[in-house]
Amino acid sequence: MTATRAASSKTGNRRPTMKMVAQRAGVSVATVSFVLSGRPSGRIAASESTAARVRTAAEELGYRPNQAARAIRTGRSGLVLLSLTQLSDPWSQSISEAVNAAAAGLHLQPLILADGDWGEVLDGQPVDAAFIDGAEEEDLPRIQGLVGRGLKLIVFSDTLEPEGFDVIRSAQRPGCELAIEHLVARHTRIGCLAYSDITRKGWKREDAYIDGLARAGIEQRPGDLQRYTRDQAGAYEAAERMLDRDNPPTAIFASSDFAAINVVNAANRLGISIPDELEVIGVGNTAEAALMHPALSSVGPADLFSKVAQLIIDVALDDHPRRPSRWDFPWQLYLRQTS
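Because the structure is a prediction, the values reported are computed rather than measured.

Peer 1: I'm lost on the overall build of the protein chain in this one. Help?
Peer 2: For the protein chain, the helix and strand inventory stands at 14 helices and twelve strands. Across the 339 residues of the protein chain, 47% fall into the buried class. Counting contacts in the protein chain only where the partners sit at least 6 residues apart, residues at least 24 apart contribute 69% of the total. For the protein chain, the accessible area works out to roughly 16500 Å², and carbon and sulfur atoms hold 50% of it.

In structure tokens form, the structure reads like this:
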């Protein structure tokens with residue numbers, strides 16, 4: 001019999017309460033509330049040993065906080081919305097994992113929306129804060145409408161400014177240009193794997209490739225720019241089209257780490273040696289890029305995921321009026337085993 005079942009049998013299958021946790025741990029209800037909320041209240045405090053005793057008692061009793069009651073009592077939902085453009089992308093996974101880690105023990109549950117309508121969700125779902133990935137100028141009226149209703153937003157955008165909401169600014173153009181400068185100094189046959197949305201307004205990552213080749217006087221050959229759809233099969237097929245032909249590129253700039261990983265996989269299947277026969281650089285500097293084998297070279301900001309995650313949690317838990325800010329994360333080139 002598990003500890004939770006044993007505890008339930010001793011309590012007559014009643015739902016465990018905070019008072020029961022306090023009695024089992026030998027502390028006050030206020031101390032239990034402090035430990036399990038992860039947030040200070042008045043003068044209540046707890047040592048590490050007391051906190052461990054409370055958490056053990058809660059686990060043994062199978063105690064779960066009543067989220068509905070907490071929402072009524074505190075005005076909090078206990079939810080943080082993460083609106084991510086593509087959940088299978090290592091970038092989105094890194095954000096999600098970092099927020100999950102930062103929220104551990106704080107009674108905050110990330111609610112993940114993958115490539116959906118964040119405005120529609122926020123119209124009907126109360127959250128303590130929301131992170132919106134990739135907002136553009138045309139999204140500003142909807143964002144301002146949500147802010148006007150009191151919602152706390154953290155927006156990832158290269159163009160928006162903090163007008164009632166926090167902005168994560170991580171200017172990608174200089175970083176992508178660093179990658180291209182590195183490749184054109186070493187190669188004359190360079191390919192690019194770019195996302196298929198050619199209707200997107202403004203500067204796109206493949207523009208760094210097109211402009212960089214032009215500045216270096218390198219001809220862009222037919223087939224050297226391949227577009228992929230936002231799924232594993234689409235990215236892999238685009239990489240295969242790039243490589244499985246006569247005289248393929250000796251270097252590839254992929255517009256995301258997700259695409260670059262598929263280039264490496266396609267090269268391995270085709271027997272192309274990396275980096276001896278093919279150099280690959282991705283975009284994002286994700287954890288998966290650094291941990292894969294061979295480790296993927298990439299451009300991106302340093303420590304972005306953990307710092308953004310902590311900002312999201314801080315905004316969600318902050319009860320005091322605060323002035324939203326712009327948070328800048330400059331990009332760097334990280335050369336690893338694929339270049």
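Peer 1: Help me understand the sheet that holds strand β5 (residues 166-169) in this model?
Peer 2: Within a sheet, each strand pairs with its neighbour through backbone hydrogen bonds, oriented either parallel or antiparallel. Pairing is parallel in the open sheet, where six strands are placed in the order β2-β1-β3-β4-β5-β11. At either margin of the open sheet sits one strand with a lone partner, and together these are β2 (109-114) and β11 (326-328). Across the sheet, the mean angle from the axis of one strand to that of its neighbour is 15°, orientation sign disregarded. In this structure, strand β4 (residues 153-156) lies alongside β5, joined through three bridges in parallel fashion. Counterpart to Val-155 in the pairing with β5 is Val-167. Of the strands in this sheet, β1 (79-84), β2, β3 (129-133) and β4 touch helix α6 (residues 90-103), which is tilted by about 170° from β1.

Peer 1: Explain the packing of aromatic side chains to me, please; I cannot follow it from the model alone.
Peer 2: We describe a pair of aromatic rings using the distance from one ring centre to the other and the angle between the two ring planes. What the rule picks out here adds up to four aromatic pairs. Taking 6.1 Å as the distance between ring centres and 55° as the angle between the ring planes, the aromatic pair formed by Tyr-195 and Tyr-228 counts as tilted. Pair noted here: Tyr-195 is in strand β6 (residues 190-195) and Tyr-228 is in strand β7 (residues 225-228), with a separation of 33 residues, a long-range link. Given a relative accessible area of 26%, Tyr-195 falls into the partly exposed group. By relative accessible area, Tyr-228 is classed as buried at 4%. A network of ring pairs unites the aromatic residues Trp-91, Phe-156 and Phe-305 as a single cluster.

Quick notes on the rules
- Residues numbered from 1 in each chain as written.
- Predicted model: local features only at pLDDT ≥ 70, side-chain atom pairs only at ≥ 80, totals over all residues.
- Heavy atoms only, no water.
- Helix = DSSP H or I, 4+ residues; strand = E, 2+ residues; numbered from the N terminus.
- Buried < 20%, exposed > 50% of the residue type's maximum accessible area, 1.4 Å probe, protein only.
- Contact = heavy atoms within 4.5 Å.
- Areas by Shrake-Rupley, 256 points an atom, 1.4 Å probe, with all protein chains shown as cover.
- Pairing = 2+ DSSP bridges.
- Axes fitted to C-alpha atoms, helices over the stretch in contact; angles between N-to-C directions.
- Phe/Tyr/Trp six-rings, centres within 6.5 Å; stacked < 30°, edge-to-face > 60°.

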